[in-house]
Amino acid sequence: MAKKYKSDIFRVVHEGVTDMYDSGFVSKETMKEFDKSCLTPVEVMSPADIKALRVREHVSQSVLASYLYVSVNTVGQWERGERKPAGPSLKLLTLARTKGLEFIQ
């Protein structure tokens, strides 16, 4: 999956620094800082946040599940607070909350 940047400017800067890192001109610590500042940060989402996102986007649990590549049961468990999204699912939810579901399609 391609990296998702805050903006095109962040993408260009990050790609340039990545090239410098690959060439040995930038330290691993500096590269980590650029990753933090340029890439969309992952945000913790409560069950209410997940349901609010789904309602805002006017989609069912089934449709949201298909966007996130998870089961309908998983989305229901997130919304009831029985489980918490993590990893790629949480990243996709964060992107959907900030940029809309169409962005992650």
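Here is a short report on the structure shown in this document. None of the values given here were measured: they were computed from a predicted structure.

### A word on the environment of E57
Logical step 1: Following the sequence through the fold, E57 ends up in the loop between α3 (47–56) and α4 (61–68).
Logical step 2: Separated by 40 residues in sequence, E57 and R97 have C-alpha atoms that sit 9.3 Å apart.
Logical step 3: What E57 contacts, discounting residues up to four positions off in sequence, is A96, G100 and L101.

### Digging into the side chain of Q77
Logical step 1: By the element assignment, Q77 lies in helix α5 (residues 72–80).
Logical step 2: Separated by 3.1 Å, the side chains of Q77 and R83 make a polar contact.
Logical step 3: Ignoring any residue separated from it by four or fewer positions in sequence, one finds Q77 in contact with E82 and R83.

### As for α4
Logical step 1: Within α4, the full set of buried residues consists of L64, A65, Y67 and L68. Projected onto a plane normal to the axis of α4, the buried residues spread over an arc of 160° and lie on a single side.
Logical step 2: Looking at the buried residues of α4, the elements they touch are α3, α5, α6 (87–99) and α7 (101–104).

Rules used throughout
- Residues numbered from 1 in each chain as written.
- Predicted model: local features only at pLDDT ≥ 70, side-chain atom pairs only at ≥ 80, totals over all residues.
- Heavy atoms only, no water.
- Helix = DSSP H or I, 4+ residues; strand = E, 2+ residues; numbered from the N terminus.
- Contact = heavy atoms within 4.5 Å.
- Polar contact = N/O pair within 3.5 Å; in protein donor to acceptor, adjacent residues only side chain to side chain.
- Buried < 20%, exposed > 50% of the residue type's maximum accessible area, 1.4 Å probe, protein only.
- Arc of directions from axis to C-beta.

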